[in-house]
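# Overview (structure and organization)
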Amino acid sequence: MVKKKIVVVGGGFGGVSAVDALSANPEFEIHLVDRRNFHLFQPLLYQIAMAGLSPSDIAIPLRTLFRKKRNVHITLAEVDQLDIANNKIHYDKNWVEFDYLVLCCGAKHAYFGNEKWEEFAPGLKNLEQAIEIRRRILMAFELAEKETDPIIRSKELTFVVVGGGPTGVELAGAIAEMAKHTLANDYHNADLAKIKVMLVEAGPCILAAFPQSLSLTAQKNLKELGVEVIINTRASDLSKDGLQIGDQYVPAKTIIWAAGVLPSSLTMQIPGEKDRLGRALVLPDLSLPEFKNVFVIGDQAACKSKSGEFLPGIAPVAMQQGAFLKDVIVSDMLGRARPTFEYVDKGIMATIGRSKAVVSTKGFNFSGLPAWLAWVFIHLIYLMKFKNRLFVFLQWAWSYFTFGRGARLITHKTWRFYDGEKIKLE
Ligand SMILES: Cc1cc2nc3c(=O)[nH]c(=O)nc-3n(C[C@H](O)[C@H](O)[C@H](O)COP(=O)(O)OP(=O)(O)OC[C@H]3O[C@@H](n4cnc5c(N)ncnc54)[C@H](O)[C@@H]3O)c2cc1C
């Protein structure tokens, strides 16, 4: 029996789910290629940035995940070229052929043509960025502690998060909470009561994907934590010393970028139409219109729901799409018509701080402690594959009761990561 060779590029939510489903069929030979050797639980990245968890708590080696699957072969490499017309992809100076290709390389931050801002305002997409944000936040407190000039100290203690989506809200809430509770007694000179946390959103509300009532609740919760929420205002002219917010200049040492995403650079090499975000348009079976054996899923794909709206770039979409591909390829082998992907929307949630979250599920909206408990529960369920989920849970419980943040390590920056490229710093 000649096995079908399925190459999956990207071991994120979409890729892992696809390999999981496909590997159950012994007629498939699966090659998973990722530039990292681990699968990352991105929804908890902000906990790394905020020193609540350590990197290994939310990352698991791909080889560990598929250790028992004899038909899964893992390659650590960055795919740099696609030759879809000839059924080939390129990495490590080699062209590799496939019968089927699954592209699920995820997304990166969009600086809307101002890529140099990344130096002043890192985004939060990978572990390196999370550790860098942690370093900047913790360093700001250290510098404020030894600063004698009140003007400079105020700049050290000003934190600006740009982008009022779930990641921006989580970060802004967590910074304010950390200063107010966790660090309040640790710094004796820097007056942490004077900390300024700003969340800047260009649109008319934060958490725009949520019902208006939850968006307003989140805004109120942030205000209670001491976060200044600025809506209908664009951040511009970023530098290492501050940024322009509308017509106001804000001196700030720490700026974090959580505004806008673009699909991974490899998407530009995918033939065919793209949506306005640059994602590859796929058919209802998730294949490319001209290439039935090439699928694009997750954050790289522009896939329409039954009602004709584009699906959002969130983990459940990528996971459901990955699992669905098995049915498509099996249908091909049996000579049957391909099924159509239908997303099962279980709702959306975002956490704002300790005991504060918002949840919208099937027309049912709630907030506060019940929403926060739901958020913790769901994230623990999704951490199922991570062997240390009990440990993560215990750490959360510990932090909850003690306000502790155990991973407060300042590590030195020796390089930066931009769009897959590692750039060494002096
Ligand atoms: C900070 C943050 C918080 C989030 N919070 C939530 C949340 O609470 N709920 C939610 O549902 N979603 C959340 N998301 C979104 C969610 O993580 C994504 O929608 C999901 O990860 C998309 O899955 P994917 O498989 O498309 O891509 P990813 O999971 O990003 O995986 C892409 C993989 O491709 C690899 N890769 C990329 N390019 C190449 C290449 N050229 N060659 C080889 N490998 C490559 C990467 O290393 C990575 O492993 C969050 C995202 C972030 C960044």
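See the structure printed just above.
The text that follows walks through the structure, step by step, so that each part is easy to find.

For the ligand, the set of nearby residues contains 29 residues, the closest of which are Gly14, Asp34, Gln42, Asp299 and Ala315. A distance of 2.8 Å separates an oxygen atom of the ligand from a polar backbone atom of Gly14. Between the ligand and Asp34, the relevant distance is 2.6 Å, taken from an oxygen atom to a side-chain nitrogen or oxygen of the residue. Only α1 (13-22), β2 (28-34) and α9 (315-334) provide two or more residues apiece to the shell around the ligand. Considering every element that reaches the shell around the ligand, the biggest residue donor is α9, with three residues. Here the residues of the shell around the ligand are counted per class, giving 14 nonpolar, nine polar and six charged. Viewed by domain, the shell around the ligand spans two of them, domain 1 (4-35 + 77-109 + 262-334) and domain 2 (117-259 + 355-424), each represented by three or more residues.

As a further point, take the pattern of salt bridges. A full pass over the atoms with the stated rule returns 14 salt bridges. Across the pair Arg136 and Glu132 runs a salt bridge whose closest N-O atoms are separated by 2.7 Å. With Arg136 and Glu132 both in helix α5 (residues 127-146) and four residues apart, the pair spans about one turn of that helix. Like Arg136, the residue Glu132 is buried in the burial classification. One salt bridge in this structure joins Asp332 and Arg338, with 2.6 Å as the shortest N-O distance. On the basis of relative accessible area, Asp332 is assigned to the partly exposed category, the value being 27%. Judged by its relative accessible area of 19%, Arg338 is buried.

Rules behind the numbers
- Note that residues are indexed from 1 along each chain, following the sequence as it is written.
- Two thresholds apply to this predicted model, a pLDDT of at least 70 for residue-level local features and 80 or more for giving and counting side-chain atom pairs, whereas whole-chain, interface and lining totals are computed over all residues.
- Side-chain metrics rest on all non-hydrogen atoms present in the structure, leaving aside hydrogens and water.
- One heavy atom suffices: a residue is near a molecule or strand as soon as one of its heavy atoms comes within 4 Å of it.
- Each polar contact in these results corresponds to two N or O atoms within 3.5 Å; when the atoms are within protein, one needs to be able to donate a hydrogen and the other to accept it, and residues that are neighboring in sequence are counted only if both atoms are side-chain atoms.
- Strands here mean DSSP runs of E at least two residues long; helices mean DSSP runs of H or I at least four residues long; both are numbered from the N terminus.
- Think of it as three bins: nonpolar holds Ala, Val, Leu, Ile, Met, Phe, Trp, Tyr, Cys and Pro, charged holds Asp, Glu, Lys and Arg, and polar takes everything else, Gly as well.
- The split of the chain into domains comes from an automatic or database domain assignment.
- When a carboxyl oxygen of Asp or Glu is within 4 Å of a side-chain nitrogen of Lys or Arg, the pair counts as a salt bridge.
- The rule is simple: take the accessible area with a 1.4 Å probe, protein chains only, and divide by the maximum for that residue type; under 20% is buried, over 50% is exposed, in between is partly exposed.

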